[in-house]
Amino acid sequence: MRLGVCGGPYSNPYALRAFVEDAGRRGCERLFCLGDLGGFGGEPDAIWPLLVDNGVECIAGNYDVAIGRGDEDCGCGYRDPRDNEFAQMIYDFTKAHTSDEFAAWMRTLPTEHRETIAGLDVHLVHGSPLVLNDFFWESLDDDEVRLRARASGADVLCCTHTGLPWQKRVDGCLVVNVGVLGKPANDGRTEVWYAVIDVEDGHAEAELVPLAYDWRAQAASMRAAGLPEPFVETVETGWWTTCLEVVPPVERSRGRYQLYRSAVPSGFADHDVGWADPPEVVDDGLPVVPLFGSPLFPPRLWVYTNFHCNLRCSYCSVASSPTARRRSMPPDRFRALVDEAVAEGFTEIYLTGGEPFLEADIVEMILYASDRLATVVLTNAMLFRGRQLDELKRLAGRDGLVLQTSIDGARPETHDRNRGQGSWARAMEGLALGKELGLPMRVGLTETPQNTAEVDQLGALLAEMGVTGRDFAVRPLIRRGFSDEGISVDDTNTVPELSVTVDGVHWHPAGADIESSPDMLLATGEVPLAEAKRLVVERFLTLRQADGSLPHIYNCAV
């Protein structure tokens, strides 16, 4: 027996008609719909004759129960007020445009269907065997999945409600979320999804089927009905723009949008963040925004060219030193990262270490990056001699390239206390040389109890060298790497800035040393930037506060 099983037509007659035709072509002998006949689309009553005339066997979803009883809301199970606002908007429309006859027919539908087919117990539900409006997500842990499978006890369990298709076997039970017909699966595709279930000789297999249909007609129908543009946007682009908060971090991180616009905190301009200004959140008329590209996840990529350094600074957050484990970024890998960064929408790239100018190919790497992205190179400016000086001259006059160095006091003894004897004089010499070559130079001071009183003095000294205004900034000392003093920075309180090392990808450049900051690691190995971004989003959504914010901003760029 071959079954065609769909979920949620959501007032989308164009997709429902395509389902009937496509399932027929695939040899499906029986067709089932797991409920939620109305909602989202603009033609609720057009669903009924398509179901009846084509012999589609139906159970009721929460929407159908609510419409049939005349309830005041859909009973969808949302908890966030913004989710409920959109759900109420479309429910009120559906209720007002559903005929009494169709509503009466909905009242006759059972809320589950169970029968033995080809020797197997097949159980069809809407949400799950536990609750009609249960969100049976793929990312539920094994115990939660097993709880629902055991509550059914069937050999095959089919469900819907979440809108996202998936399948897995649990203790001998084939669990299939068949997806929905009424809107795309938040995957950037205009197709919708249903399932083909083959049951034969006591064994079942499922295929999740992407279904092409006349989505342009559906979008036109929704606009003609006066439905809000965010709903139409989803049909036209394949990305969800409403009812996001109910979606778990794993599933939501795969979509284009992760937060309601109202959840992005304001007040970033009040932070003294030096050069690393937060990106502006552009109002495109949609109620939702991507996390990436917002102030909560800036489009700034950090690349560690290496970890060995000519200095051993006492408060280096990534434990760089002359004896640090060698972890040099190969030039070909670096170029590939730059190309990926451009493709993935990053607008800035920061090269750091260790000391980048210890790498023989660093200038070629900088040239490649700065041809494609705004580029900042963090350096202690102490190696601008001999061959490196000749190489450095090749960088002069390049648009979008900045060299950033650290001066931690107005006096040599203050700076040298943490960075080594003679380092202040050589850093100041390197700074002057960079300015002489016409290179844009910036200076950051890591504030400590020993140098706080010298901040203004250093500012005046740098001004005499032409380093003024925003080209000089102060950053706090943090407790990472070699430092056991300073502020606490971790993934629970710090806005992420994706960082790449040869070890893997990391939440923030201040925690990019895998040995001293394993908690900041996102994944090991050569991870594609698209996946690295998704991992950041998933962790953010798991850890975020109720208003969507991570309140502290620590920018290594200052």
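Residues numbered from 1 in each chain as written. Predicted model: local features only at pLDDT ≥ 70, side-chain atom pairs only at ≥ 80, totals over all residues. Heavy atoms only, no water.

*Asks:* For this particular structure, what's the right way to read helix α13 (residues 412–419)?
*Replies:* Because an α-helix completes one turn every 3.6 residues, residues spaced three or four positions apart along the sequence face the same direction. Within α13 the residues assigned to the buried category are Thr414, His415, Asp416, Asn418 and Arg419. Taken together, the buried residues of α13 touch β16 (401–406), α14 (423–436), β17 (441–447) and β18 (472–476). Positioned one or two residues after α13, Gly420 has a phi angle of 110°, which is positive. (Buried < 20%, exposed > 50% of the residue type's maximum accessible area, 1.4 Å probe, protein only. Helix = DSSP H or I, 4+ residues; strand = E, 2+ residues; numbered from the N terminus. Contact = heavy atoms within 4.5 Å.)

*Asks:* I would appreciate a short explanation of the sheet that holds strand β1 (residues 2–6) in the present structure.
*Replies:* To summarise the sheet geometry, strands pair through backbone hydrogen bonds and adopt either a parallel or an antiparallel arrangement. Strand order in the open sheet formed by five strands is β3-β2-β1-β9-β10, with mixed pairing between adjacent strands. Here the strands that pair on one side only, and so sit at the sheet edges, are β3 (57–58) and β10 (203–211). Sheet analysis places β1 next to strand β2 (residues 30–33), joined by four bridges and oriented parallel. Bridge assignment links Val5 to a residue of β2, and that residue is Phe32. Each of β1, β2, β9 (192–200) and β10 touches helix α1 (residues 13–25); the most contacted strand, β10, lies at about 135° to it. (Pairing = 2+ DSSP bridges. Axes fitted to C-alpha atoms, helices over the stretch in contact; angles between N-to-C directions.)

*Asks:* Please explain the pattern of salt bridges as it appears in this structure.
*Replies:* Side-chain pairs of opposite charge can arise whenever the charged atoms involved come near each other. Tallied over the full model, the rule gives 46 salt bridges. Two residues, Arg333 and Glu340, come together in a salt bridge whose shortest N-O distance is 3.9 Å. Of the charged contacts, one joins Asp371 and Arg398 as a salt bridge, the two residues approaching to 2.2 Å between their closest N and O atoms. One end of the pair, Asp371, is in the loop between α11 (362–370) and β15 (374–378); the other, Arg398, is in the loop between α12 (386–392) and β16, with 27 residues separating them in the sequence. (Salt bridge = Lys/Arg side-chain N within 4 Å of Asp/Glu carboxyl O.)

*Asks:* Any chance you could explain the state of the cysteines here in plain terms?
*Replies:* By definition, a disulfide is the covalent link that joins the sulfur atoms of two cysteine residues. All told, the structure shown has one disulfide when counted by the stated rule. Each sulfur in the disulfide pair Cys74 and Cys76 lies 2.2 Å from the other. Between Cys74 and Cys76 the disulfide shows an S-S torsion of about -140°. By sign, it is left-handed. Owing to a relative accessible area of 5%, Cys74 belongs among the buried residues under this scheme. (Disulfide = S-S within 2.5 Å.)

*Asks:* Hey, could you run me through the sheet that holds β18 in this one?
*Replies:* Spatial strand order, β18-β17-β16-β15-β14-β13-β19-β20-β21: nine strands in an open sheet with mixed pairing. The sheet is open, and its two borders are formed by β18 and β21 (521–524), each paired with just one other strand. Sheet analysis places strand β20 (residues 504–506) next to β21, joined by three bridges and oriented antiparallel. Across the sheet, residue Val505 finds its bridge partner in β21, namely Ala523. Contacts from α14 reach β16 and β17, with the element oriented near 155° to β17. In this fold helix α16 (residues 529–543) packs onto β13 (300–304), β19 (499–500), β20 and β21, with an angle of close to 145° to the strand it touches most, β21.

*Asks:* I would appreciate a short explanation of empty space enclosed by the protein in the present structure.
*Replies:* Over the atoms rolls a probe the size of a water molecule, and its path tells where empty space is left. Under the definition given, this model contains four cavities of 30 Å³ or more. Taken as a whole, the largest cavity encloses approximately 540 Å³ of empty space. Along the walls of the largest cavity sit 29 residues, with Cys316, Gly353, Ser406, Arg419 and Arg475 positioned nearest its centre. Among the secondary structure elements, those contributing two or more residues to the lining of the largest cavity are β13, β16 and β18. Ranked by the residues each element gives to the lining of the largest cavity, the list is headed by β16, at three residues. Considered as a void within the structure, the second largest cavity measures approximately 290 Å³ in volume. Along its surface, the second largest cavity is lined by 23 residues, and Tyr10, Cys76, Tyr78, Lys183 and Cys243 are the ones closest to its centre. When residues in the lining of the second largest cavity are grouped by element, the largest group, three residues, is from helix α4 (residues 81–96). Partitioned by chemical class, the residues of the lining of the second largest cavity number 15 nonpolar, six polar and two charged. (1 Å grid on protein atoms, 1.4 Å probe; cavity = no way out; pocket = protein on both sides within 12 Å on 5 of 7 lines; lining within 4 Å. Points joined across faces, edges and corners; volume = space filled by probe spheres on them. Nonpolar A, V, L, I, M, F, W, Y, C, P; charged D, E, K, R; others polar.)

*Asks:* Help me understand the side chain of Arg480 in this model?
*Replies:* The residue Arg480 is located in the loop between β18 and β19 in this model. A distance of 2.8 Å separates a polar atom in the side chain of Arg480 from the backbone oxygen of Val489. Engagement of the side chain of Arg480 in a polar contact is seen with the side chain of Asp519, the distance being 2.7 Å. Beyond its immediate chain neighbours, meaning those up to four positions away, Arg480 contacts Cys316, Ser317, Val489, Asp490, Ala510, Ser516, Ser517, Asp519 and Met520. (Polar contact = N/O pair within 3.5 Å; in protein donor to acceptor, adjacent residues only side chain to side chain.)

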